[in-house]
Amino acid sequence: MSEQSSESARQAIVPDTSAGRRFDAVVAELFPEYSRSRLTEWIKSGNVLLDGAQARPRDPLRGGEAVTLNVVLDTQTDAQPEDIPLDVLFEDEHLLVINKPVGLVVHPGAGNHRDPSVAVLPRAGIVHRLDKDTSGVMVVARTLEAQTALVEQLAARDVHRQYLAIVMGALVAGGTADAPIDRHPRDRLKMGVREDGKEAITHYRLRERFRAHTALECRLETGRTHQIRVHMAHIRHPIVGDPLYGGALKLPKGASEELVAALRGFKRQALHAETLEFVHPITGEQVRNTAPVPADMLHLMKVLREDSAAFAERERDRW
């Protein structure tokens, strides 16, 4: 459920050089702080007027017309903000970068307790989301201008998003998972690789190789829901602990008691958003933030490392 709030009307004059061009294209240039899709919606709803009258997005212009923009934003009313301490990696008046802990749900009200003004932004300033049990770095916009610019960077694939994933199986090399993703045809809680899905590309390379597991550095080229989780399962190396895509627990032969306990006790996907880099939407400077690997994943990697070393020593003793 949402309510609508309006800002005061804004006006601009169509340049003579825009004669013959489409109304929606010119409006996007006159008001660049708003996305073209949002402006098109406002044109269709009558919130963008041409010489005081409603026009269609495709209508040609002659130049010199007056454009009136009445900004209408959705204010979320059903998502209540939670007063949760945040691990802030970077913040200014335009945006906020946080290290999201495991278990925190990124809903439209996230961040409101720090800055109530974001309540009037679409999706309350959320630019991209992390699953509840995925930890790591994410950015929230504090202004519509910043949100629009960051969403456009994501769409243009100009944002560097790097994850750490611990997967089943000992990979010997990195690679690229290029497989379209969409909603699972039967289980609506899951996504899946589908021929008619949306383009989805994940690049991955080895960070550390264990006896029967691998720590991967994954880079998103696209950003579909559950993308890394789906792609890792698709290449038959599901993420450890993943309740949706991980399948049955598989214990390495001869695993130590400590490793068995660590694997049985890991109840969430071993996935961490490690690094986020983008161009600041206002200053134009590069913003790069890295979130430290959480303790549960560090412990799991330590136990996997020790198990691999012990197994290698046993093999040497055999020969």
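Along each chain, residue indices are assigned from 1 in the same order as the chain's sequence is written. Selection of residues for local features in this predicted model requires a pLDDT of at least 70, selection of side-chain atom pairs for listing and counting requires 80 or more, and totals for whole chains, interfaces and linings are taken over all residues. Working from all heavy atoms in the structure, the side-chain values ignore hydrogens and water.

**Student:** An account of the nonpolar core is requested, with residue identities and associated values reported.
**Tutor:** The criterion is simple. A nonpolar core is a set of buried Ala, Val, Leu, Ile, Met, Phe, Trp, Tyr and Cys residues joined through side-chain atoms within 4.5 Å. Burial here depends on accessible area, computed with a 1.4 Å probe over protein chains only, as a share of the maximum for the residue type. Under 20% is buried, over 50% is exposed, and the range in between is partly exposed. Formed by 52 residues in total, the largest nonpolar core has its most connected members in Val 139, Tyr 163, Ile 166, Ile 228, Ile 239, Phe 278 and Leu 300. Under the scheme used here, helices are H or I runs from DSSP no shorter than 4 residues and strands are E runs no shorter than 2 residues, and both carry numbers assigned from the N terminus. Here the element with the most residues in this core is strand β10 (residues 160-168); it accounts for six residues. Contact definition: two residues touch when any of their heavy atoms are within 4.5 Å. Excluding its chain neighbours within four sequence positions, the residues that come into contact with Ile 239 are Ala 165, Ile 166, Val 167, Ile 228, Arg 229, Met 232, Gly 246, Gln 269, Ala 270 and Leu 271. Residues Ala 12, Phe 23, Val 26 and Val 27 belong to the second largest nonpolar core, which totals 20 residues.

**Student:** Summarise the layout of surface pockets; cite the residues concerned and give the values.
**Tutor:** Of the grid points, spaced at 1 Å and generated over the protein atoms alone, those admitting a 1.4 Å probe that cannot get out make up cavities, while open sets with protein on both sides within 12 Å along at least five of seven lines make up pockets; any residue with an atom within 4 Å of a point is treated as lining. Grid points are joined across faces, edges and corners, and a volume is the space filled by probe spheres set on the points. By volume, the largest pocket is sized at about 800 Å³. Listing elements by their share of the lining of the largest pocket, those giving two or more residues are α3 (144-155), β10, β12 (181-183) and α4 (227-234). For the lining of the largest pocket, the per-class residue count stands at 13 nonpolar, seven polar and eleven charged. Gly is put with the polar residues, along with every residue not named as nonpolar or charged; the nonpolar set is Ala, Val, Leu, Ile, Met, Phe, Trp, Tyr, Cys and Pro, and the charged set is Asp, Glu, Lys and Arg.

**Student:** Give me the lowdown on the pattern of salt bridges, citing residues and values where you can.
**Tutor:** Basic side-chain nitrogens of Lys or Arg form a salt bridge, by our definition, when they fall within 4 Å of a carboxyl oxygen of Asp or Glu. Within this structure, the stated rule accounts for 20 salt bridges. Of the charged contacts in the structure, one is a salt bridge between Asp 51 and Arg 62, with a shortest N-O distance of 3.4 Å. Of this pair, Asp 51 sits in the loop between β3 (48-50) and β4 (53-54) while Arg 62 sits in the loop between β4 and β5 (66-69), and the two are eleven residues apart along the sequence. Take Asp 51: its relative accessible area is 43%, and that puts it in the partly exposed class. With a relative accessible area of 61%, Arg 62 lands in the exposed category. With a closest N to O distance of 2.9 Å, Arg 229 and Asp 131 form a salt bridge. Here Arg 229, found in helix α4, pairs with Asp 131, found in the loop between β8 (95-100) and β9 (135-141); they are 98 residues apart in sequence, far enough to count as distant. When its relative accessible area of 4% is taken as the criterion, Arg 229 is described as buried. Judged by relative accessible area, which is 22%, Asp 131 ranks as partly exposed.

**Student:** An account of the sheet that holds β5 is needed here, citing residue identities and associated values.
**Tutor:** Strand pairs in the sheet, formed through backbone hydrogen bonds, run parallel or antiparallel to each other. Two strands make a pair as long as DSSP finds a minimum of two bridges between them. Spatial strand order, β2-β5-β3-β4: four strands in an open sheet with antiparallel pairing. Among the strands making up the open sheet, the edge pair consists of β2 (10-13) and β4. The pairing of β3 with β4 spans two bridges and is classified as antiparallel. Paired with Leu 49 across the bridge in β4 is Gln 54. Axis geometry follows a simple rule: fit a line to the C-alpha atoms, using only the stretch in contact for helices, then measure angles between N-to-C directions, giving values from 0 to 180 degrees. Helix-sheet contacts for helix α1 (residues 23-30) involve β2, β3 and β5, and the interaxial angle to β3 is about 115 degrees.

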